[in-house]
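What follows is each chain in one-letter form.
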Amino acid sequence: DGGITQSPKYLFRKEGQNVTLSCEQNLNHDAMYWYRQDPGQGLRLIYYSQIVNDFQKGDIAEGYSVSREKKESFPLTVTSAQKNPTAFYLCAASGGPGETQYFGPGTRLLVL
Amino acid sequence: RKEVEQDPGPFNVPEGATVAFNCTYSNSASQSFFWYRQDCRKEPKLLMSVYSSGNEDGRFTAQLNRASQYISLLIRDSKLSDSATYLCVVWAGNMLTFGGGTRLMVKP
C-alpha cells in the first residue's frame, strides 16, 4: 500500500522540550515537504528537501529543524525555540517541482 | 498582497446547486495550478490539476485565465459530500503556494 505515513497522530509537548515528528514515504519521490496549518488558515511551508542530504528553509523555518538522510524519510524537529508550536503539521512528497504533492495524514501538536 | 488569494466563504448552497470559486495569484511566472480538497481535520487531497485549456472531471470544471491571473473551480449538481474546504494551489519556481481555502457547505 503506497503512500505517506506520519506519526504520531497526536503529540503533546511540554515547555522547553524538543519533539520530533516522523514522515515516511514509499512513493519513491525525490522531494519532500513540511507544512504547518493553523486553524482556519492555509498551509505554510516550513522546510523542503528536493534530494537526499539536502534541504532548504521555507517561509517559517525558525524554531524547526529537519534532516534527510534517506530518500524515504524526512523527520521534523520542533525545538524549544518555536514559541507557538500548536498546529497541524503536514508532510508531503512529490516527484519534483511542478508536480502534484501528496500528503500524509498529519500530526496535531499540542503544548501542555 | 497575498501570493494566492481565495474568498474564505463559507458558501452555503442547497443540494443540486451549481457553485463557483475563484482564486487569484500574483506571480505571473506561475507554472502549474491545482485544486485540492480538505475535509475537516484531515490532510488535503488532490481534486484536479488545472490545464491552460480548461478541464473537466465529472461534475467539476477547472479553468485558468493567465491574462487575469486567476483560476476557477465550478461544481455542478452539488452533493452533501462536496462539503469541504477547497484549496487553490500554485507552483512558481520551486515553491508551491497554497491559498487560504474556500469553505463550501452543501445543505439538504
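Before reading further, recall that the structure is shown in the block above.
Computed from a prediction, not measured in an experiment: that's the story for all the values here. The written sequence of each chain sets the order in which its residues are numbered from 1. Chains and ligands are labelled sequentially in the order written, the chains with letters from A and the ligands with numbers from 1. For this predicted model, a pLDDT threshold of at least 70 governs which residues receive local features, and a threshold of 80 or more governs which side-chain atom pairs are given and counted, while totals over whole chains, interfaces and linings are taken from all residues. Side-chain figures throughout are based on the complete set of non-hydrogen atoms in the structure, without hydrogens or water.

Student: Run through empty space enclosed by the protein, naming residues and quoting values.
Tutor: Residue and element names in this part refer to chain B. Buriedness of a pocket was judged along seven lines, with at least five required to meet protein on both sides within 12 Å; pockets are open sets of points on a 1 Å grid over the protein atoms alone, cavities are sets where a 1.4 Å probe fits but cannot get out, and lining residues have an atom within 4 Å of a point. Grid points are joined across faces, edges and corners, and a volume is the space filled by probe spheres set on the points. Counted according to the given criterion, the structure contains one cavity of 30 Å³ or more. For the largest cavity, the calculated volume is near 50 Å³. Glu3, Val4, Tyr25, Ser26, Asn27, Ser30, Val90, Ala92, Met95 and Thr97 together form the lining of the largest cavity. Contributing elements (two or more residues each) for the lining of the largest cavity: strand S9 (84-92) and strand S10 (95-98). Residue polarity follows a fixed list, in which Ala, Val, Leu, Ile, Met, Phe, Trp, Tyr, Cys and Pro are nonpolar, Asp, Glu, Lys and Arg are charged, and the others, Gly among them, are polar. Here the residues of the lining of the largest cavity sort into five nonpolar, four polar and one charged. Secondary structure follows DSSP: runs of H or I at least 4 residues long count as helices, runs of E at least 2 residues long count as strands, and numbering of each begins at the N terminus.

Student: Quick one: what's the story with the sheet that holds strand S3 (residues 19-25) of chain A, residue by residue and with numbers?
Tutor: Each strand in a sheet pairs with another by means of backbone hydrogen bonds, the pair being arranged parallel or else antiparallel. Residue and element names in this part refer to chain A. Any two strands between which DSSP finds at least two bridges are classified as paired. The antiparallel open sheet is built from four strands, whose spatial order is S1-S3-S8-S7. Here the strands that pair on one side only, and so sit at the sheet edges, are strand S1 (4-7) and strand S7 (64-66). Sheet twist, expressed as the average angle between the axes of neighbouring strands with direction ignored, equals 20°. Direction of pairing for S7 relative to strand S8 (residues 76-78): antiparallel, over a ladder of three bridges. Across the sheet, Ser65 pairs through a bridge with Thr77, a residue of S8. Helix axes use the C-alpha atoms of the stretch in contact, all axes being lines fitted to C-alpha atoms, and the angles between their N-to-C directions lie in the range 0 to 180 degrees.

Student: Please set out the interface of chain A and chain B residue by residue, giving values where relevant.
Tutor: Note on contacts: a residue pair is in contact if any heavy atoms of the two residues lie within 4.5 Å. The interface of chain A with chain B comprises 23 residues on the first partner and 19 residues on the second. Taken together, the two surfaces of chain A and chain B that pack against each other cover about 1,600 Å², and 55% of this comes from carbon and sulfur. Between Lys or Arg on one side and Asp or Glu on the other, a salt bridge is scored when a side-chain nitrogen of the former is within 4 Å of a carboxyl oxygen of the latter. If you look at where chain A meets chain B, you find zero salt bridges. Whenever a nitrogen or oxygen atom comes within 3.5 Å of another N or O atom, the pair is scored as a polar contact, on the condition that within protein one atom can donate a hydrogen and the other can accept it, and that pairs from neighbouring residues in sequence are kept only if both atoms are in side chains. The interface formed by chain A and chain B includes three residue pairs in polar contact (both at pLDDT 80 or more). Mapped onto the side of chain A that touches chain B, the elements with two or more residues apiece are strand S4 (31-37), strand S5 (43-51) and strand S9 (87-94) of chain A. Tallying contributions element by element places S5(A) first for the side of chain A that touches chain B, with four residues. Its residues assigned to classes, the side of chain A that touches chain B shows 11 nonpolar, nine polar and three charged. Computed with a 1.4 Å rolling probe, the buried area is the accessible surface lost when two parts are put together, summed over both parts.

Student: Got a sec to walk through a positive patch on the surface? Specific residues and values, please.
Tutor: For patch detection, residues must exceed 30% relative accessible area and be free of salt bridges, and they are connected within 9 Å for like charges or within 5 Å for nonpolar side chains (Val, Leu, Ile, Met, Phe, Trp, Tyr). In this description, accessible areas are obtained by the Shrake-Rupley approach with a 1.4 Å probe, and a residue is regarded as covered only by the protein chains that are shown. Residues counted as positive are Lys and Arg, residues counted as negative are Asp and Glu, and His and the chain ends are not counted. To locate a charge, take atom NZ for lysine, CZ for arginine, CG for aspartate or CD for glutamate. A cluster of basic residues, A:Lys9, B:Arg41, B:Lys42 and B:Lys45, forms a positive patch at the surface. The topology assignment puts B:Lys42 in the loop between strand S4 (32-38) and strand S5 (44-50).

Student: Which residues make up unusual backbone geometry, and what values do they have?
Tutor: Leaving glycine out, the prevailing phi sign among residues is negative, and the prevailing peptide bond configuration is trans. Each neighbour pair has its own omega, and for A:Ser7 with A:Pro8 the value is -5°, a cis peptide bond. Backbone torsion omega between B:Gly9 and B:Pro10 reads 10°, so that peptide bond is classified as cis. Position of B:Pro10 among the secondary structure elements: in the loop between strand S1 (4-6) and strand S2 (11-14). The phi angle at B:Arg41 is positive, at roughly 65°, despite the residue not being glycine. Looking at the secondary structure, you find B:Arg41 in the loop between S4 and S5. Whether a residue is buried, partly exposed or exposed follows from its accessible area with a 1.4 Å probe, protein chains only, as a fraction of its type maximum: under 20%, in between, or over 50%, in that order. The exposure class of B:Arg41 is exposed, given its relative accessible area of 52%. A positive phi angle is found at B:Asp77, which is not glycine, with a value near 50°. Within the fold, B:Asp77 resides in the loop between strand S8 (70-75) and S9.

Student: Can you tell me about the layout of surface pockets, naming the residues and giving the values?
Tutor: Of the voids in this model, the largest pocket is the one considered here, and its volume is about 1,100 Å³. Around the largest pocket, the lining comprises 43 residues; the ones closest to its centre are A:Gln37, A:Gly40, A:Gln41, A:Gly42 and B:Gly100. Looking at the lining of the largest pocket residue by residue, the class counts come to 18 nonpolar, 14 polar and 11 charged. Of the pockets and cavities examined, the second largest pocket occupies roughly 170 Å³. Around the second largest pocket sit A:Gln6, A:Lys9, A:Tyr10, A:Phe88, A:Pro105, A:Gly106, A:Arg108, B:Arg41, B:Lys42 and B:Glu43, which together line it. Taken together, the residues of the lining of the second largest pocket break down into three nonpolar, two polar and five charged.

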